[in-house]
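Summary of structural features
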Amino acid sequence: MHPLRRYRLIMVIFAVVAASVSVALMVFALRENINLFYTPSSVVSGEAPTNVAIRVGGMVVKGSLVRAENSLLSVFKVTDGISEVEVRHDGILPDMFAEGGAAVATGELGENLIFTAVTVLAKHDENYMPPEVVFAMDEAYKRGKKLTREVNKSNNN
Amino acid sequence: MIAEYGHFALILALVLAILQAVIPQIGAYAENRLWMATARPLVLGQSLFVTFSFGCLVALFINDDFSVRYVAENSNTLLPYRYKISAVWAAHEGSLLLWVLILSLWSLAVSIFSSSLPKHLIARVLGVMGFISVGFYLFVLFTSNPFDRSLPFFLLEGADLNPLLQDVGLIFHPPILYMGYVGLSVAFSFSIAALMAGSVDSAWARWVRPWTLIAWMFLTLGISLGSWWAYYELGWGGWWFWDPVENASFMPWLVCTALVHSLSATEKRGAFTNWTLLLAIIAFSLSLLGTFLVRSGVLTSVHAFATDPTRGIFILTFLIIVIGGSLLLFALRGPTKKRSKGFSVLSKEMFILINNLLLVGLTAMILLGTLYPLVSDVLGWGKISVGPPYFNLFFVPLTLLLGILMPIGSVLRWKKSDSVKVLYYFNGPLVCALFMGGLIPLFYGSYEVVAVVTIFVASWVVSVTARDVWQKSAHSRSRLHGFMRLNASYFGMIIAHIGVAVCIAGVGLTSVYSIQRDVRMEPGDQITVADYKFEFISIGPFKGPNFIADQAEITVTKNDLSVATLYPQKRRYLASGQTMTEASINSGIFRDIYVALGERLKGDAWALRVYVKPFVIWIWLGTLFIALGALVALTDKRYRRGHKKVIN
């Protein structure tokens, strides 16, 4: 082979290998570091993995927020309209956190289905609701409709 | 009537922009001098009308004209004047108007400072800029008109500016960031013009370089202002979150940094011409992509923005036309003539190549992490978010590698350097950097590897650079004389590289040695964090112009010496009822002390966040140096000389 061609071939092979290795590394790292979102219903039904970093979100149930006396620990429940998940957070809750408002928590789910949050995000003004919470409410709404349909069907039968 | 005048002026600006996009291009194609010469007056007219339109929107905000929907949504009679004016660009519609305003000002600047350029080139450049303007005018007029009235039922009082945005950050951050974003359109237009003409030479690179440097400077300042703002206002002491909105501005910066370097090789050695053209196209494409990501609301972000699917589709279409069109043009017309002069491994070209590969690799990594949640959502793989660990995993080691290679590349010669001399050259600096890296962390409580590495890299950059300046300033007459003979480009590079070192040191040390405590405190309580004693003295009411607040008084002492008294606030804005945390910070060159009020727990007991962050200010000091370096490089004589020479 012509030396120049061989040189070019080596360069091309090198570039392809380097690019594939780096893309593979990136995708691998990405898979390790993504946080999947689960709705409260999917947590209760056991779809969500335990002891892995995930995100859970929904509306904060009114009257569910309880604070500890001498620490920053707070416990509250989030709902998608059907199921509720208990969330524990040892830290400062964000400014816009409110009962009845939307919240998305990142953390791990324990065996007892209690979610221990590392961070809590909350946004509640009229214009903005986290897309995940909208998704969770929609899913629950669909599920609810399906349920009623099935109930109606069985009643008719 | 002001709103109608503004709207009308905007339509006229659109018409002029259409003419600007079409006539000079045809002129350049058909060799018609008269048609080519229309570019300048059209640009002038376009910028006058859009400036007038922008002025109208400012006037509407100052007059509290709440019949205009955009004003009603983002202002309030109680809002201080400085925020009324900056509220113009606080939300979607107005910020896009600012975008086109800045684009027209860049076009105007190009048309004024390019009298020495070939007529064809300037006609084509302004034509391309006109085309981009048309896209954005259409976008503003059809999907996001800030002059829409909400007649007949309008509000008597505005909803107020989002409290998060009521801050000096809003006054400076968006305009400066946009100056950078939009400034990349100049390099882009020059590239497209060069592809149309089918020729790129070192003169072309010399014309593009100053424009790229200015855009890069503004982008650097804009991003670091945003990061600083997030640090004290939005993020509870976090200065970078790898949030999509932040990534959207960081990706163009990385590519622009690569462009600034490859342009120097194109100018000095005629190397990497194709690559330089491609980088200019990618840089601006990423800035358009950033606009799309931020403005279409497809991504979840901690910096919430309004969402509207029609807008997203419009920008996406525009994005495809611009990026697809320019890449197609590149594929068809990219210079094919190889003028490769060859260079050895130990040459400036090689190190610029590595620098470019690393920067583009980092950009690809960030792009993947930013778009992955979007792709995953669309393809139904689940709703995910990509956390900082992913970004840090790649960014930290690659940046350190860049830092180690950077000063080597800067002292090497073009084409080929003598390897023995080079090895000898780096001995001293290496010893110095090892010494500093090993020693300095001893003064802090724990001996951390990260700290050793960052200090090593930072002092390596500084010591190699210092040795180089010393060497290059040697002169038979006197050192001062030799020093004065070095050109501005060189000084610019030195300053920017030192800035990178300062920034690396700041990021590394603040990440390792920061201490954060979330605590519950009542008046009279004390807590000690990293030798600093914080005493919660009192908490009481405070009244601002459009908010009421609880304000705490906290004294900070170290070894019984008073350091600072901090007054963090928890504000409640009257119009919207929103609550806001206003942290109180005592900044110093070696450490920041940061106190923020969390929430009222019970009676006078509050949740408090207390930070001691060493060297955090170095991050922004470093970026300031980088921007200053760009500014100094701009003053280089050869850019001015080129201006005076008339070429026909």
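Scroll up for the structure.
An account of the accompanying structure is given in this report. These figures come from a predicted structure and were not determined experimentally. (Residues numbered from 1 in each chain as written. Chains lettered and ligands numbered in written order. Predicted model: local features only at pLDDT ≥ 70, side-chain atom pairs only at ≥ 80, totals over all residues. Heavy atoms only, no water.)

Each helix and strand in chain A was counted, giving three helices and seven strands. Starting at the N terminus, the α and β elements of chain A follow one another as α-β-α-β-β-β-β-β-β-α. Burial statistics for chain A: of 157 residues in total, 38% are counted as buried. Here the analysis covers contacts within chain A between residues at least 6 apart in sequence; of these, 54% occur between residues at least 24 apart. Of the accessible surface of chain A, which amounts to about 9300 Å², a share of 59% is contributed by carbon and sulfur atoms. (Helix = DSSP H or I, 4+ residues; strand = E, 2+ residues; numbered from the N terminus. Buried < 20%, exposed > 50% of the residue type's maximum accessible area, 1.4 Å probe, protein only. Contact = heavy atoms within 4.5 Å. Areas by Shrake-Rupley, 256 points an atom, 1.4 Å probe, with all protein chains shown as cover.)

Once that is clear, we can look at the overall build of chain B. Along chain B, the regular secondary structure elements total 20 helices and 11 strands. For a compact globule of 648 residues, the expected C-alpha radius of gyration is about 26 Å, and chain B comes in at 26 Å, within 12% of that figure. For the C-alpha atoms alone, the extent of chain B along its principal axes is close to 80 × 75 × 55 Å. Of all 648 residues assigned to chain B, the portion counted as buried reaches 57%. Side chains of chain B give 49 positive and 34 negative charges; the mean places of these two sets differ by 18 Å. (Rg over C-alpha atoms; globule rule 2.2 N^0.38 Å. Lys, Arg positive; Asp, Glu negative; His and termini not counted. Charge placed at Lys NZ, Arg CZ, Asp CG, Glu CD.)

Moving on, we come to the sheet that holds strand β11 (residues 605-614) of chain B. All names here are of chain B. Judged by pairing direction, the sheet is antiparallel, and its four strands sit side by side in the order β2-β11-β10-β9 without closing on themselves. Strand pairing shows two members of the sheet lacking a second neighbour, β2 (515-521) and β9 (584-587), which therefore form its edges. Mean inter-strand twist for the sheet, computed between neighbouring axes without regard to direction, equals 15°. One ladder, built from nine bridges, connects strand β10 (residues 591-602) with β11; its direction is antiparallel. Among the inter-strand pairings, Val-595 is bridged to a residue of β11, identified as Val-610. On top of the sheet, helix α18 (residues 488-513) reaches β2 and β11; it is set at about 135° to β11, its chief contact. (Pairing = 2+ DSSP bridges. Axes fitted to C-alpha atoms, helices over the stretch in contact; angles between N-to-C directions.)

Working definition of a disulfide: a covalent bond connecting the sulfur atoms of two cysteines. All names here are of chain B. Scanning the entire structure with this criterion turns up zero disulfides over all chains. Summary of cysteine pairing: Cys-256 is not part of a disulfide, and the nearest cysteine sulfur, belonging to Cys-503, is at 16 Å. Exposure remark for Cys-256: the relative accessible area of 0% places this residue in the buried category. (Disulfide = S-S within 2.5 Å.)

Before going further, it helps to examine the pairing of β11 of chain B. Residue and element names in this part refer to chain B. With 10 of its 10 residues buried, β11 lies for the most part within the structure. Alignment of β2 against β11, held across seven bridges, turns out to be antiparallel. Looking at β11, one finds that Ile-515 is bridged to Val-612.

Opposite the 38 residues of chain B that make contact, chain A presents 30 residues. Here chain B and chain A share an interface that buries about 2900 Å² over both sides, 62% of which is from carbon and sulfur atoms. The three residues of chain B that bury the most area against chain A are Lys-383, Arg-520 and Glu-599 of chain B, which together make up 22% of that side's buried surface. At the boundary of chain B with chain A, the tally comes to three salt bridges. A salt bridge links Glu-69 of chain A to Lys-602 of chain B, with the shortest nitrogen-to-oxygen separation between them at 2.8 Å. There are eight residue pairs in polar contact (both at pLDDT 80 or more) connecting chain B and chain A. Of all the secondary-structure elements, those providing two or more residues to the side of chain B that touches chain A are α13 (348-378), β1 (384-386), α14 (388-411), β2, β8 (579-582), β10 and β11 of chain B. Broken down by element, the side of chain B that touches chain A gets its largest block of residues, five residues, from α13 of chain B. Relative to β1 of chain B, strand β1 (residues 34-38) of chain A is paired through three bridges, and the arrangement is antiparallel. Looking across to β1 of chain B, one finds that Asn-35 of chain A is bridged to Ser-385 of chain B. (Buried area = accessible area lost by both parts, 1.4 Å probe. Salt bridge = Lys/Arg side-chain N within 4 Å of Asp/Glu carboxyl O. Polar contact = N/O pair within 3.5 Å; in protein donor to acceptor, adjacent residues only side chain to side chain.)

As a further point, take the nonpolar core. Soluble, globular proteins show a tendency: their nonpolar side chains are buried together. Residues and elements named next belong to chain B. Core analysis: the biggest nonpolar cluster contains 151 residues, and Trp-99, Phe-190, Trp-204, Met-365 and Tyr-390 have the highest contact counts within it. Setting aside chain neighbours within four positions, we find Phe-190 in contact with Leu-117, Leu-121, Val-125, Trp-204, Trp-207, Val-208 and Trp-211. Counting 20 residues, the second-largest nonpolar core is a separate cluster that includes Ile-527, Phe-534, Leu-566 and Ile-593. (Core = buried A, V, L, I, M, F, W, Y, C linked by side-chain atoms within 4.5 Å.)

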